[in-house]
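Chain by chain, the residues run as shown.
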Amino acid sequence: MKKVAVIMGSDSDLPVVEKAFAVFEEYGVPFEVHVYSAHRTPVEARVFAGSAAENGFGVIIAAAGKAAHLAGSLAANTVLPVIGIPVKSSTLDGLDALLSTVQMPSGIPVATVAIDGAQNAALLAVQILAVSDEGLHEKLMSARRAATEKVLKKDAEIAAKFNK
Ligand code: RP5
């Protein structure tokens, strides 16, 4: 199976990003984690993205805050799908990172999830890999069914309590 690369702009992004790791462990998806910055280590970020496909990666997740150019700069150097996680920092509530990540020019897409949306970023990466992996596809379907049943059970409990 292809690996997922999880790149963060700083180790200060780790508390947000590590929510993705549990998803990969749940689905048995191999992943690798690195700290590369679009601004502080632009050469390393470019080299990583440029060689990611030949190094066995199928998807790249990039998490960054503030003027968050990491996802876009990785996407500029690979045709692997890149998922961006805008990270909320101490100012502007993450809106800065959201706009910096999502507003990509035509031709270089970044699939941007919600601010601090590491879990959805990981799930989207698993869904991308599942397109060519039947076992992964079945696991995702089973998780969706379980989530549906959980909500229907809650609905039944609430309905029994209030709908007399
Ligand atoms: C971004 O700047 C990083 O992704 C991080 O979210 C933010 C702050 O980085 P540090 O100053 O904490 O290293 O590039």
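Residues numbered from 1 in each chain as written. Predicted model: local features only at pLDDT ≥ 70, side-chain atom pairs only at ≥ 80, totals over all residues. Heavy atoms only, no water.

Undergrad: Is there a simple way to explain the side chain of D13 in this structure?
TA: On the secondary structure map, D13 appears in the loop between β1 (3-8) and α1 (14-17). In this structure D13 is buried but unpaired, with R40 as the nearest side chain of opposite charge at 7.5 Å. Within the structure, D13 has its side chain in polar contact with the backbone nitrogen of G9 (distance 3.3 Å). Residues in contact with D13, not counting those within four places in the same chain, are M8, A63, A64, G65 and V87. (Helix = DSSP H or I, 4+ residues; strand = E, 2+ residues; numbered from the N terminus. Buried < 20%, exposed > 50% of the residue type's maximum accessible area, 1.4 Å probe, protein only. Lys, Arg positive; Asp, Glu negative; His and termini not counted. Salt bridge = Lys/Arg side-chain N within 4 Å of Asp/Glu carboxyl O. Polar contact = N/O pair within 3.5 Å; in protein donor to acceptor, adjacent residues only side chain to side chain. Contact = heavy atoms within 4.5 Å.)

Undergrad: Please explain the nonpolar core as it appears in this structure.
TA: In a soluble, globular protein the nonpolar side chains are often hidden away together inside. Residues V4, F24, V29, I61, I85 and V126 are the most contacted members of the largest nonpolar core, which totals 27 residues. Among the secondary structure elements, those contributing two or more residues to this core are β1, α1, α2 (19-27), β3 (57-65), β4 (82-87), α6 (118-130) and α7 (134-162). Take this core: its biggest share by element is seven residues, from α6. Apart from residues lying up to four places away in sequence, V29 is in contact with M1, V4, F24, V126, L129 and L136. Core analysis: the second largest hydrophobic core is formed by 21 residues, A38, F48, A64 and A71 among them. (Core = buried A, V, L, I, M, F, W, Y, C linked by side-chain atoms within 4.5 Å.)

Undergrad: Is there a simple way to think about the packing of α2 against α6 in this case?
TA: For any two helices packed against each other, one specifies the crossing angle of their axes together with the interaxial distance. Across the interface, α2 lies against α6 with an axial gap of 7 Å and an inter-helix angle of 35°. Where α2 crosses over α6, the handedness of that crossing is right-handed. Of α6, the residues touching α2 (which contributes K19, A20, V23, F24 and Y27) are A118, Q119, A122, L123, A125 and V126. (Axes fitted to C-alpha atoms, helices over the stretch in contact; angles between N-to-C directions. Left-handed = near helix turned anticlockwise from the far one by under 90°.)

Undergrad: So what exactly am I meant to see when it comes to the site of the ligand here?
TA: Close to the ligand lie G9, S10, S12, D13, R40, A64 and G65. The side chain of S12 places a nitrogen or oxygen atom 2.7 Å from an oxygen atom of the ligand. G65 places a polar main-chain atom, nitrogen or oxygen, 3.0 Å from an oxygen atom of the ligand. Protein contacts shield 73% of the accessible area of the ligand, which totals 360 Å² for the unbound molecule. Considered class by class, the residues forming the shell around the ligand number one nonpolar, four polar and two charged. (Near = heavy atom within 4 Å. Areas by Shrake-Rupley, 256 points an atom, 1.4 Å probe, with all protein chains shown as cover. Nonpolar A, V, L, I, M, F, W, Y, C, P; charged D, E, K, R; others polar.)

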